[in-house]
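# Residue-level structure breakdown
Chain by chain, the residues:
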Amino acid sequence: MLTKLLAGATLAALALPTPAVQSAPATIPGAADRLPADLVALIPADATGLVFVSPINTLEAAIQDLLQVVAPDMAPMADVDQLLHELGPSDFDFDLIDRSRPMAFAMGAITPTITEEPPQFYLLIPSTNPAELSAALPFPPELGWTRISGGYLGISPEAVYPVPGARSNLPARLPQGLIAATIDAEPILETFGPMARLAAGMARSGVIAGIQSDTDLPGTLKPMANDAATAIIDGVMDTLDSLTGFDLALNLEGARFEAGYAMTFAEGSPMAALCDKDGAHLVDLAHLLDPAADLTVAVGMDLGGAVRWARPFVNEILDAIPVPEQAGEDLGPFRSPRHAMDVARESLSHGMDALTWFGDGIALSTFLGEEHNRTAVWMHGVQADNLTGSLRALFEAELASLVGLSLEETMLGENTRQLALHFDAATLAHNFDLGVREAEQVRAGFEETFGDAVRVSLTPVGGNTLVFFNGDAKAIKAALTVAAHRPGTQDPAIQRMTTELGDAHPFAAYRVNLGPVVAEMMSLAETFDEGGEIPPGMASMVRGLHLPLTVHEGMTPTRWFQGMSIDLTRAGDLAAMLMEREQAAELQPVR
């Protein structure tokens, strides 16, 4: 009975008929003006977790706003009141819940005896008459399982409710959102830290022992493998030692759904060393993004430095791989296993040369079309001549010719150098014994994606370089115009990510229009779809849908965080399209 009543009370706090309400008392400073003082007074001072739920009226309005846009026909059917009366106690008075004020859940202290004494949970319900609500519970209030504070009733379903004392620090840590949660990690780590360190030590010993006993791993690589395993385990422990909390938030704003989480770290912790305040931030790259593109990506990271750091380890691994000089099997275009390794190493070396010239930020805009895809990549702090030389060497390497690629270099105007890679499927088929059908599939996939050649154009602009894939002079000029006119700084989605990321570095920000992206994947799959599983015309139908999705993640000296947002305004169109196609399929005559 208790479980059923509490479940009913919780559900009632999510959608109920509007009752008479009390005026809300003053809010607590630092709680983002969302938590009333009488609610905060019921949060135990030693609580380790807190979940905030917006007022029922606010939640209902947000859900109705979404339904009116996504599926207006379903809005009248969203009868939550009926559901509550079916699931809740039949004699419960739902009007005792105050719909105009937020509710909360709290998790009590974490102790070393958690297996014997699990943490207590507290339900903090806004009520038009807390005393009457308390009296309606299946246990007498004098047992101390409830507490009343102003217009709130605190319920502790398993133990005596603690007497209010010192204020909890959790309300001030709550992130923004219709539903938000925060966890204080420090007491949890104090309890489980010694156990985690013991487990980490055992894991390190076990992994190292496994590496030493691995007969397939060359002996020259075992010290490096030991160091890598140790670094990974130490990195996990550094993260735990730095961690102070975990936050989560969900939000609805019109037809846009948002979600995000963050791990918070102590000032000066080992995690702070991973950040670079002087690196490129999204605010430095946003003006280079084209909001009209189907896919935009901005990344802030010292990619060149990462490649330069990793290169000696890559070379050491390649040097340690045993390669026989001769083999009895057909090696195709390679004279020997050693020749095959040398060819691969040559291309890898040139590719890493090119990557070492990358700067500390990239802004990418991709246009997906029925004909060819075009991508403009702005490289922050990159000199075009250095990158061009490395790419030229990569495209002229022996491996490129073996797979049928040949390089053509031209100038577009005075400043743009274009490298065009042409593909000969016959050469690939001859060198690697491909059948006619396989070679044709590869050729068709290449032309579907790139046309008659992969064209890479490099244009120096100040201290940056514009690298354009599959673009002509007109497309390059358009990208330069976008950078000059800065429309990316005016796009609401890019603005939101810029604000959220702030001075984070490293960071990544993605803005994807799901309709054209999914359509492009379908078009590419149709090339290899022998069973006809993709309905004809489906790609063209999906291409016109506008479903923008954004994802961002970043790190500052005190936070690692990630968030996503999707605009569902056109989701109703997608549902109607799929339903129409399903109905049409059902009407097809059976043969």
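Residues numbered from 1 in each chain as written. Predicted model: local features only at pLDDT ≥ 70, side-chain atom pairs only at ≥ 80, totals over all residues. Heavy atoms only, no water.

### Quick look at the pairing of strand E10 (residues 361-367)
Counting buried positions over the seven residues of E10 gives six, a clear majority of the element. Bridge count for strand E9 (residues 295-300) against E10 is six bridges, and the pairing is antiparallel. Paired with Val297 across the bridge in E10 is Leu364. By the bridge criterion, seven bridges tie E10 to strand E11 (residues 374-380) in an arrangement that is antiparallel. Directly across from Thr366, in E11, lies its bridge partner Thr375. (Buried < 20%, exposed > 50% of the residue type's maximum accessible area, 1.4 Å probe, protein only. Helix = DSSP H or I, 4+ residues; strand = E, 2+ residues; numbered from the N terminus. Pairing = 2+ DSSP bridges.)

### What about the layout of surface pockets?
When its volume is computed, the largest pocket comes out at roughly 560 Å³. Lining the largest pocket are 25 residues, and of these Gln176, Glu258, Gly260, Glu500 and His552 sit closest to its centre. At the level of secondary structure, the elements contributing two or more residues to the lining of the largest pocket comprise strand E7 (243-253), strand E8 (256-265), helix H16 (492-501), strand E17 (548-556) and strand E18 (559-567). Counting residues per element, the lining of the largest pocket draws most heavily on E18, at six residues. (1 Å grid on protein atoms, 1.4 Å probe; cavity = no way out; pocket = protein on both sides within 12 Å on 5 of 7 lines; lining within 4 Å. Points joined across faces, edges and corners; volume = space filled by probe spheres on them.)

### Some remarks on helix H3 (residues 56-70)
For H3, built from 15 residues, the straight-helix expectation of 21 Å at 1.5 Å per residue is met to within 8% by its first-to-last C-alpha distance of 21 Å. Within H3, the full set of buried residues consists of Ile56, Leu59, Ala62, Leu66 and Leu67. End-on, the buried residues of H3 take up no more than an arc of 135°, which puts them together on one face. (Expected span 1.5 Å × (residues − 1). Arc of directions from axis to C-beta.)

### Some thoughts on the environment of Gln441
For Gln441, the position within the fold is in helix H14 (residues 436-450). Each C-alpha atom, one on Gln441 and one on Ala425, is 9.4 Å from the other, the two residues being 16 residues apart in sequence.

### Thoughts on the side chain of Thr556
Relative to the helices and strands, Thr556 is located in strand E17. Once you skip the residues sitting within four places of it in the chain, Thr556 turns out to touch Cys275, Asp503, Ala504 and Phe561. (Contact = heavy atoms within 4.5 Å.)

### Considering the environment of Glu500
Topologically, Glu500 is positioned in helix H16. Looking at Glu500, the relative accessible area reads 47%, which means it is partly exposed. Separated by 53 residues in sequence, Glu500 and Glu553 have C-alpha atoms that sit 9.0 Å apart. Among residues more than four places away in sequence, those in contact with Glu500 are His552 and Phe561.

### Observations concerning the nonpolar core
Counting residues in each nonpolar core, the largest one holds 23 residues, and the members touching the most others are Leu282, Ala298, Leu501 and Phe507. Among the elements that take part in this core, helix H15 (residues 473-485) stands out by supplying four residues, more than any other. Other than its neighbours up to four places away in sequence, Leu501 contacts Leu282, Phe507, Ala508, Ala509, His552, Glu553, Gly554 and Phe561. (Core = buried A, V, L, I, M, F, W, Y, C linked by side-chain atoms within 4.5 Å.)

### Quick word on the pattern of salt bridges
What the rule picks out here adds up to 15 salt bridges. A salt bridge links Glu409 to Arg417; its shortest N-O distance comes to 2.8 Å. Its relative accessible area of 31% is what places Arg417 among the partly exposed residues. Across the salt bridge formed by Arg443 and Glu440, the nearest N and O atoms sit 2.4 Å from each other. One end of the pair is Arg443 and the other is Glu440, both in helix H14 and three residues apart, which spans about a single turn. For Glu440, a relative accessible area of 39% translates into the label partly exposed. Through salt bridges that share partners, Glu253, Arg256 and Glu258 make up one connected network. (Salt bridge = Lys/Arg side-chain N within 4 Å of Asp/Glu carboxyl O.)

### Description of helix H13 (residues 425-432)
Of the positions making up H13, those classed as buried are Ala425, Leu428, Ala429 and Asn431. Looking at the buried residues of H13, the elements they touch are helix H12 (398-402), strand E13 (416-423) and H14. Sitting at the amino-terminal end of H13 is Asp424, which places a side-chain oxygen 3.2 Å from the backbone nitrogen of Ala426. In the stretch just after H13, Asp433 is the one whose phi turns positive, near 55°. (Polar contact = N/O pair within 3.5 Å; in protein donor to acceptor, adjacent residues only side chain to side chain.)

### Brief notes about the packing of aromatic side chains
Evaluation of the coordinates by the stated rule reveals seven aromatic pairs. A centroid spacing of 6.3 Å and a plane angle of 70° characterise the contact between Phe334 and Phe432, whose relative ring orientation is edge-to-face. Pair noted here: Phe334 is in the loop between helix H9 (303-320) and helix H10 (337-356) and Phe432 is in helix H13, with a separation of 98 residues, a long-range link. Taking the relative accessible area as the measure of exposure, Phe334 reaches 17% and is therefore buried. For Phe432, a relative accessible area of 33% corresponds to the partly exposed category. Centre to centre, the rings of Phe423 and Phe446 are 5.0 Å apart; their planes meet at 35°, and the pair counts as tilted. With Phe423 in strand E13 and Phe446 in helix H14, this residue pair connects regions lying 23 residues apart in the sequence. Here Arg374 stacks its cationic end above the ring of Phe367, 4.9 Å away from the centre of that ring. Against the face of Phe561 rests Arg559, its NZ or CZ located 4.3 Å from the ring centre. (Phe/Tyr/Trp six-rings, centres within 6.5 Å; stacked < 30°, edge-to-face > 60°. Lys NZ or Arg CZ within 6 Å of the ring centre and 35° of its normal.)

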